[in-house]
Amino acid sequence: MMNTATFFGQMAKLHDTPFFVLDGEGLIVAVNESFATLFQASTADLVGTYLDPLLAENSPTVQCAVDRAQRSNDTGIGAFRMRAKDNPNLHFPYAEIAHRSPSNGQLHIAFRVHRMTEFLLLNAKIDALRSEVKERANSENERRVALDQLRTILDSMDSLVYVSDFETHEVLLINEYGKQTWGDIEGKKCWQSLHAGQTGPCDFCTSEYLFDDNGEPTGVYVWQIKNSLTGKWYECRDQAMRWPDGRFVRMEIATDITQRKAMEDKLSDNLKEKELLLHELSHRTKNNMQMIKALLDLKIAGIKDPRMKAILRETGGRILSMSLVHEKLYQSENLADIDLKSYIRELSEYLIQEFNVEDKDITIDFEFCEPEVRLSLDQSMPCALILAEL
């Protein structure tokens, strides 16, 4: 014969509204899925526990319901305040059925929610959903306001500014300056809209340089490119930034530097021409000085007076020292200065040969400071004359 607890347990399964059964001590002996869902629990979690922890502080106690059932041993109505998942103070009106077992006198009380409670539960869920929708709407409105403020600032800039998604390469925003040249390309792929002839993401894309090994933004990355659609040169400043929805996006500010590039190229060409001219001037100056030195040597060969020979030889040494400066400049890639170490060595060797010092067992020891010393043309000439005198 089926006992009372088993009977009520089967009844619980038949109800689609919240239904539970207590014994005379307030212990839950049966519960259906609808009731367990209110507390985000399973039926197994609730069976064998007391109902009291599920009640709100202002709820009538379980003992009140048990006492009434013991007195009447019949049906009754009442209400609890439940700590439900969606509502911590849920009004829970119920109809109760009390039954005492004929065999052992054990009391069981079944509680079935009133139909009206179904509407209350539904209203509670609707209220929770409405609050969630309102929060999302407020959040979306805040993002829209932030985006509008950002767009206003970027539209005032006299440079291309666009924002794209790192994963999809979709252009999320482009400022008014960019629209005037590339059109309204929001929603399109950046590599398709900003460059010509691309069949996929650009191989010169800088996205890999915008994050460190820990996935944190590295700051601004500056580079230059000639755009294949406009034919103009741009200096680009790229960086990773947070979008209003929280994700990282790629922002690029590209400034037209075509005129600056043209001026740089022109200056570079002018500089090359001047370098060539200076090379030629140094070469000719060196040759002229060496010719003067050769004429002095011819003159010295015909002079008998030793004192006059010494004077002319010293003069030739000075001319040689200055000629060597121009030779060094001619051989150097940098026309602005010469290497002092190399210059001193070569001048010393020339002077030793010029004054026939080899036969007098004289040696010269060189000690140079580090790092190397370089002298300009204005500094080199006095230094050359001083070395010649020494």
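Our structure's up above, just so we're on the same page.
Cut-offs and rules
- Residues numbered from 1 in each chain as written.
- Predicted model: local features only at pLDDT ≥ 70, side-chain atom pairs only at ≥ 80, totals over all residues.
- Heavy atoms only, no water.
- Helix = DSSP H or I, 4+ residues; strand = E, 2+ residues; numbered from the N terminus.
- Buried < 20%, exposed > 50% of the residue type's maximum accessible area, 1.4 Å probe, protein only.
- Contact = heavy atoms within 4.5 Å.
- Areas by Shrake-Rupley, 256 points an atom, 1.4 Å probe, with all protein chains shown as cover.
- Core = buried A, V, L, I, M, F, W, Y, C linked by side-chain atoms within 4.5 Å.
- Pairing = 2+ DSSP bridges.
- Axes fitted to C-alpha atoms, helices over the stretch in contact; angles between N-to-C directions.
- Salt bridge = Lys/Arg side-chain N within 4 Å of Asp/Glu carboxyl O.
- Phe/Tyr/Trp six-rings, centres within 6.5 Å; stacked < 30°, edge-to-face > 60°.

A.B. asks: What is the right way to look at the overall build of the protein chain in this model?
C.D. replies: Along the backbone of the protein chain there are 11 helices and 12 strands. Looking at the protein chain residue by residue over its 390 residues, the buried ones come to 34%. Of the contacts formed within the protein chain by residues at least 6 apart in sequence, a portion of 48% connects residues at least 24 apart. Total accessible area computed for the protein chain in this model is approximately 24,100 Å², and 52% of it derives from carbon and sulfur atoms.

A.B. asks: Can you help me understand the nonpolar core in this one?
C.D. replies: Soluble globular proteins: nonpolar side chains tend toward being buried together. Within the largest apolar cluster, 27 residues are counted, with the highest numbers of intra-cluster contacts made by Phe 20, Phe 35, Leu 51, Phe 80, Met 82, Phe 92 and Phe 111. Elements with a minimum of two residues in this core: strand E1 (19-23), strand E2 (28-31), helix H2 (33-37), helix H4 (62-72), strand E3 (75-82), strand E4 (90-100) and strand E5 (107-113). Sequence-distant contacts of Phe 35, that is, excluding residues within four places in its chain, are made with Pro 18, Phe 19, Phe 20, Leu 46, Leu 51, Leu 54, Met 82 and Phe 92. Ranked by size, the runner-up nonpolar core spans 13 residues in total, among them Cys 190, Leu 194, Ile 225 and Ala 254.

A.B. asks: What's the story with the sheet that holds strand E10 (residues 248-256) in this structure? I'm lost.
C.D. replies: In a beta sheet, neighbouring strands pair by backbone hydrogen bonds and run either parallel or antiparallel. Pairing is antiparallel in the open sheet, where 5 strands are placed in the order E7-E6-E10-E9-E8. Since the sheet does not close on itself, it has two edges, and those belong to strand E7 (171-174) and strand E8 (221-226), each with one partner. The average undirected angle you get between the axes of adjacent strands in this sheet is 25°. As judged from the 9 bridges shared by strand E9 (residues 233-242) and E10, these two strands associate in the antiparallel manner. Directly across from Asp 238, in E10, lies its bridge partner Glu 252.

A.B. asks: Which parts of the structure should I look at to understand the pattern of salt bridges?
C.D. replies: Scanning the model with the defined rule gives 8 salt bridges in all. Measuring nitrogen to oxygen at the nearest pair gives 2.8 Å for the salt bridge that ties Arg 151 to Glu 186. With Arg 151 in helix H5 (residues 115-155) and Glu 186 in the loop between helix H6 (176-182) and helix H7 (190-193), the pair connects residues that are 35 residues apart, well separated along the chain. Using a relative accessible area of 28% as the deciding quantity, one classes Glu 186 as partly exposed. Two residues, Asp 165 and Arg 247, come together in a salt bridge whose shortest N-O distance is 2.7 Å. Of the two residues, Asp 165 sits in strand E6 (residues 160-165) while Arg 247 sits in the loop between E9 and E10, which places them 82 residues apart along the sequence. Take Asp 165: its relative accessible area is 9%, and that puts it in the buried class. The structure contains a network of salt bridges with shared partners spanning Asp 165, Asp 245 and Arg 247.

A.B. asks: Explain the packing of aromatic side chains here, please?
C.D. replies: Given two aromatic rings, one states the distance between the centres and the angle between the planes to describe the pair. Throughout the structure, instances matching the rule amount to 7 aromatic pairs. Seen from their ring centres, Phe 204 and Trp 223 are 6.2 Å apart, and the 40° between their planes marks the pair as tilted. Placement of Phe 204 in the loop between H7 and E8 and of Trp 223 in strand E8 is noted, with a sequence separation of 19 residues between them. Given the relative accessible area of 29%, Phe 204 is considered partly exposed. The class for Trp 223 is buried, based on a relative accessible area of 14%.

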